[in-house]
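Below, each chain spelled out in residue letters.
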Amino acid sequence: MRYYVVSDTHGFYSIMRSALEKAGYFKDTVPHKLVMLGDIMDRGDEAKEMQDFVLDQMQRDQVILVRGNHEDLLVDLATTDRGLPYTHHKLNGTYGTALQLTGYDMHSASTVPYTFAKAIRETPFYREIIPTTRDYYETPHYVFVHGWIPCVVMGNGDTPDDFSYLPDWRSAGPEQWARARWYNGMDAAQNAAVEGKTIVCGHWHTAYGHEKYEGKKHDFSPYYGPGVIAIDACTAYTHRMNCIVLDD
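Residues numbered from 1 in each chain as written. Predicted model: local features only at pLDDT ≥ 70, side-chain atom pairs only at ≥ 80, totals over all residues. Heavy atoms only, no water.

Caption draft 1: Expanded view of the overall build of the protein chain. Secondary structure summary: the protein chain contains 12 helices and 11 strands in total. Relative to the globule expectation of 18 Å for 248 residues, the C-alpha radius of gyration of the protein chain, 18 Å, shows essentially globular dimensions. The principal-axis extents of the C-alpha atoms in the protein chain amount to approximately 50 × 45 × 35 Å. The proportion of buried residues among the 248 residues of the protein chain is 54%. (Helix = DSSP H or I, 4+ residues; strand = E, 2+ residues; numbered from the N terminus. Rg over C-alpha atoms; globule rule 2.2 N^0.38 Å. Buried < 20%, exposed > 50% of the residue type's maximum accessible area, 1.4 Å probe, protein only.)

Set out below in structure tokens:
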């Protein structure tokens, strides 16, 4: 199977489509699927277009969806936080996505937050797309995640030495996976890689790994390191998106 892999698309549908076209996704006649490594929405202003595209790929059985921390943020906004956005919902673009998908404006959403929350829960993104996301997807040679696999983390997870391999990561619970979606995979890979596998991740922009481990600045191309491929191009800043192609 051939896998076209993107991550952190963040509602930038046009940029994602261009990356897929350049990689040959739409013209490929070999059996292939699209793998989206989470953070499908937030920050971009093409939430509805992204929603329609993902739904179409789901109907064609052409997409594998890995859950990101931004999917968690939208669920929190629609349920636990009852439509009342906190600062992190606004700064991370979650609130903007909810407005786009529901058709509410900021005034009406703030006036009737419970009704707004219900409207979020009725969107196809919430009802159909998010429930199909998975914590990870594994093939013979790769593990696809958003941030990283669940680890033993000492301290704040700010350095490679904070991460230790967790042998039973596949059976980790929802809370452990929710935390793992925030990990910096390029750092975690130094001490918490999976033997015999390469972990493909997003969440943290690749320029970080290129500068820290290779001494190259302002490089947002895919980062290839021992046991890790990181692909988040920080699209909101660079206006570009990485798409890698893997056969496995």
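Caption draft 2: Quick look at the packing of helix α1 (residues 13-23) against helix α2 (residues 47-59). One way to put it is that α1 packs onto α2 with a least axis distance of 9 Å and a crossing angle of 45 degrees. The angle between the axes of α1 and α2 places the two elements in the oblique class. Residues Y13, M16, R17 and L20 of α1 lie in contact with α2, whose contacting residues are E49, M50 and F53. When the residues that make up the contact of α1 with α2 are grouped by side-chain class, the tally is five nonpolar, no polar and two charged. (Axes fitted to C-alpha atoms, helices over the stretch in contact; angles between N-to-C directions. Parallel < 35°, antiparallel > 145°, perpendicular 65-115°, else oblique. Contact = heavy atoms within 4.5 Å. Nonpolar A, V, L, I, M, F, W, Y, C, P; charged D, E, K, R; others polar.)

Caption draft 3: Representation of the sheet that holds strand β2 (residues 32-36) in the model. Reading across from one edge, β3-β2-β1-β11 is the order of the four strands in this open sheet, with mixed pairing throughout. In this open sheet, the two edge strands, each paired with only one partner strand, are β3 (63-65) and β11 (244-247). Neighbouring strand axes in the sheet, compared pairwise and without regard to direction, differ in orientation by 25 degrees on average. Contacts from α2 reach β2 and β3 within the one sheet, and its direction differs from that of β3 by about 115 degrees. (Pairing = 2+ DSSP bridges.)

Caption draft 4: Representation of the environment of T139 within the structure. Its location among the elements puts T139 in the loop between β4 (137-138) and β5 (142-144). Overall, the relative accessible area of 5% leaves T139 in the buried class. When the C-alpha atoms of T139 and P124 are compared, they prove to be 28 Å apart, with 15 residues separating the residues in sequence. Once you skip the residues sitting within four places of it in the chain, T139 turns out to touch Y3, F144, K197 and D248. Among the polar contacts listed, one links the side chain of T139 to the side chain of D248, at a separation of 2.5 Å. (Polar contact = N/O pair within 3.5 Å; in protein donor to acceptor, adjacent residues only side chain to side chain.)

Caption draft 5: Structural view of the nonpolar core. Core analysis: the biggest nonpolar cluster contains 36 residues, and L34, M36 and I40 have the highest contact counts within it. Considering every element that reaches this core, the biggest residue donor is α2, with five residues. Those residues in contact with M36 that lie beyond four places of it in its chain are V6, T9, M16, M50, V54, V63, I64, L65 and V66. Of all hydrophobic cores here, the second largest spans 21 residues; its members include V143, V145, I149 and M186. (Core = buried A, V, L, I, M, F, W, Y, C linked by side-chain atoms within 4.5 Å.)

Caption draft 6: Expanded view of the packing of α2 against helix α5 (residues 94-102). In contact at an axis separation of 8 Å, α2 and α5 are set at 75 degrees when each is read in the N-to-C sense. When the axes of α2 and α5 are compared, the pair comes out roughly perpendicular. Two secondary-structure elements touch here, α2 through A47, K48 and Q51 and α5 through T97, Q100 and L101. Broken down by class, the residue content of the contact of α2 with α5 amounts to two nonpolar, three polar and one charged.

Caption draft 7: Quick look at the packing of aromatic side chains. Considering all chains together, one arrives at 17 aromatic pairs under this definition. A ring pair is formed by Y25 and F26, whose centres lie 5.1 Å apart and whose planes are at 75 degrees; its orientation type is edge-to-face. In this structure Y25 comes out as buried when scored by relative accessible area, which is 3%. Note on Y104 and F116: the rings are 5.3 Å apart at their centroids and 50 degrees apart in plane angle, and the pair reads as tilted. Taken together, the positions of Y104 in the loop between α5 and α6 (106-111) and F116 in helix α7 (residues 113-121) put the pair 12 residues apart, joining distant regions of the chain. The rings of Y4, Y13, Y25, F26 and F53 are connected pair by pair, giving a single aromatic cluster. Sitting above the plane of the F26 ring, R17 keeps its charged end 4.2 Å from the centroid. (Phe/Tyr/Trp six-rings, centres within 6.5 Å; stacked < 30°, edge-to-face > 60°. Lys NZ or Arg CZ within 6 Å of the ring centre and 35° of its normal.)

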